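Listed here are the chains, written in short residue letters.
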Amino acid sequence: MLNSKTPAGPLDQKWTDYKGHVKLVNPANKRKLEVVIIGTGLAGASAAASLGELGYKVKAFCFQDSPRRAHSIAAQGGINAAKNYQNDGDSVFRLFYDTIKGGDYRARESNVHRLAEVSSNIIDQCVAQGVPFAREYGGLLSNRSFGGTQVQRTFYAAGQTGQQLLIGAYQALERQVALGNVEMYNRHEMLDVVVIDGKARGIIARDLVSGKLERHFGHAVLLCSGGYGNVFYLSTNAMGSNVTAAWKAHKKGAYFGNPCFTQIHPTCIPVSGDHQSKLTLMSESLRNDGRIWVPKKQGDNRKPGEIPEEERDYYLERRYPAFGNLVPRDVASRAAKERCDAGYGVGSSKQAVYLDYADAIKRYGHIEAGKQGMHEADEATVIRLGKEVVKEKYGNLFDMYEKITGENPYEVPMRIYPAVHYTMGGIWVDYELMTTVPGLYALGEANFSDHGANRLGASALMQGLADGYFIIPYTLGSYLSDDIRTASIPTTDPAFEAAEKAVQERIQTLMNIKGTQTVESFHKRLGRIMWDKCGMARNAEGLKQAIAEIQQLKKEFWSDVRIPGAIDEMNPELDKANRVADFIELGELMCIDALDRKESCGGHFREESQTEEGEAKRDDVNFAYVSAWEYKGEHQWQLHKEELEFEVAKPTQRSYK
């Protein structure tokens, strides 16, 4: 049985009691301890800044040319916090409960409650850093609604919240770099974890400019390397986002938790053709004011403006009246797929639904006209004023949509369709964020811990910053307090030499294949298998086929991939080959996990397990556990279970009606 190290006592006191009794490292000893951090998005940058400020010697690595290029920058809609500024009934408990329920009761209660507790501190921290959150007319911070909640708790900076939060964390990180507490390694990729006497003691990294391998020691290693959505090839993730750091840790003994839990985001710009390499997200905040609909008639090819109101099906409002367009992402995504599969899709591909702002523009227009005393304003004036309000709230998102599609969303409804976005699965960690390898931690999207089977919108930024700013400084100290007499281990140690040799041999093997197919072609084929058979809906037969197809794809990759260029130089194709090789192995495990979990929950929808109305049907008797997979060898994994106990948020059938 896996030990989650959850503290004893009442749920709402666990974190306070933990902090009050945790072992500490004194300032003089912190200066002797070295910490390696992989990734500099919100989790990595905030952790590096916090640990550097505490006095630890930190080495931070990112494969981008700057920490500011981390994929956290792409988050649009907002960050949740239980401040209750709107006086609409929000609380720490309600945020905790919404998160547990939104994750379909597949997350650990203690971690989620801690996240809800520290959420308020995150907002204060970011405001102090100068993050330009949107404000009300009187100067107070503004909030908006997001899916899965009935309160307004999402803080935002137009449609670029992730970018603004990352700049805040980046400033804090760069301050520590300037003070000499953090050493920054840009354009470096971690290719292995070094384990000595059972503990993580460093990494092997590749300088992506020179191609040289480097050894770096650390008393502890923190993985903050993001999620693995790019296993599907087409996703909303940046092209460079990958699973390699987490996968190397997995193969060195870190269990992988719930790999099949993938989030499908309901509001993405639909696929336009085979030429595409990634998808573009339209923030969930747009569901706050936009209405989603399809024609009531199958195969209706009329333009949206030609379809009268009575011939439109606002299907989310019809099916889920209590939450309407603000149902959680998994529910909204499946509903869109169901309508399109039934022949009601729109656009040339028929794989899209409308997201319409006409009503919101009129509503805001009337409010503005009233403010200005224009009680008899004509429709043109109302629409003009309404567009100005919408532009202020969502303007950059509307501009982005118009640039990509050539359509003006102020005039015609956006076309949207679900796409792979976030991954709730990741490296298994305990309450202290430590993996099953002592001294190896996973933070942010790289771990599995806080979102269960489906993440509520605006909770990713919350988790990344909570882990980095407010949790790891305590939990890491608890571990390192026993390491203050451990001197730095020289990188000439046999374990470092063996790890570097293994990495070198793998790279050499890849380069020596000299086959006929491009890395990209393998990645595309893997993505197609994953989307078709382990995507928005899964079934036993399809998953068995996928496993066999991925195993065959792996054989083909290692016998026929072609990588141009040389090893000792900048070689992006080699970097990509390394990552795709890991994605292929991960894809197999995801399908194995999805096949094993014979229930539907959150983003994991098994067609064999659904209600009469087509909703996800959980099986709490047999599957109320975290799947933690141990790597045993090629095509072999062993399942370990962390049983989930719900003392406060008792599992019930999720309903948003």
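### Concerning the pattern of salt bridges
- In this structure the tally under the stated criterion is 57 salt bridges.
- Asp341 serves as the salt-bridge partner of Lys337, at 2.8 Å between the closest nitrogen and oxygen. Highlighted residues: Lys337 and Asp341, both in helix α10 (residues 329-344), separated by four residues, approximately one helical turn.
- Judged by relative accessible area, Lys337 falls into the partly exposed class, the value being 24%.

### Points about the side chain of Ser46
- Checked against the element boundaries, Ser46 lands in helix α3 (residues 42-54).
- We classify Ser46 as buried; its relative accessible area is 0%.
- Polar side-chain contacts of Ser46 include one of 2.5 Å to the backbone oxygen of Leu42.
- There is a polar contact of 3.1 Å between the side chain of Ser46 and the backbone oxygen of Ala43.
- Non-local contacts of Ser46, meaning those with residues more than four positions away in its chain, are made with Gly41, Ala169, Gly464, Leu465, Gly468 and Tyr469.

### Considering the environment of Ala548
- Looking at the element boundaries, Ala548 is found in helix α16 (residues 540-560).
- Considering only alpha carbons, one finds Ala548 and Arg339, 209 residues apart in sequence, at a separation of 31 Å.

### Details of the sheet that holds strand β7 (residues 199-207)
- In space, the three strands of this open sheet follow the order β6-β7-β8, with antiparallel pairing throughout. Of all strands in the sheet, those with a lone pairing partner are β6 (188-196) and β8 (213-217), marking the two edges. Between one strand axis and the next, the sheet turns by 25 degrees as a mean value, whatever way the strands run.

### Some points on the nonpolar core
- The biggest cluster of nonpolar side chains holds 150 residues, and the ones touching the most others in it are Ile79, Leu222 and Tyr441.
- A total of twelve residues in this core trace back to one element, the largest contributor, which is helix α17 (residues 572-596).
- Counting 33 residues, the second-largest nonpolar core is a separate cluster that includes Val331, Leu355, Tyr357 and Ile416.

### Comments concerning the sheet that holds strand β12 (residues 291-295)
- Spatially, β11-β15-β14-β12-β13 is the arrangement adopted by the five strands of the open sheet, whose pairing is antiparallel. Strands with a single pairing partner mark the edges of an open sheet, and in this sheet they are β11 (262-268) and β13 (312-313).
- Alignment of β12 against β13, held across two bridges, turns out to be antiparallel. Along β13, the bridge assignment pairs Val294 with Asp313.

So, how was this worked out
Residues numbered from 1 in each chain as written. Predicted model: local features only at pLDDT ≥ 70, side-chain atom pairs only at ≥ 80, totals over all residues. Heavy atoms only, no water. Salt bridge = Lys/Arg side-chain N within 4 Å of Asp/Glu carboxyl O. Helix = DSSP H or I, 4+ residues; strand = E, 2+ residues; numbered from the N terminus. Buried < 20%, exposed > 50% of the residue type's maximum accessible area, 1.4 Å probe, protein only. Polar contact = N/O pair within 3.5 Å; in protein donor to acceptor, adjacent residues only side chain to side chain. Contact = heavy atoms within 4.5 Å. Pairing = 2+ DSSP bridges. Axes fitted to C-alpha atoms, helices over the stretch in contact; angles between N-to-C directions. Core = buried A, V, L, I, M, F, W, Y, C linked by side-chain atoms within 4.5 Å.

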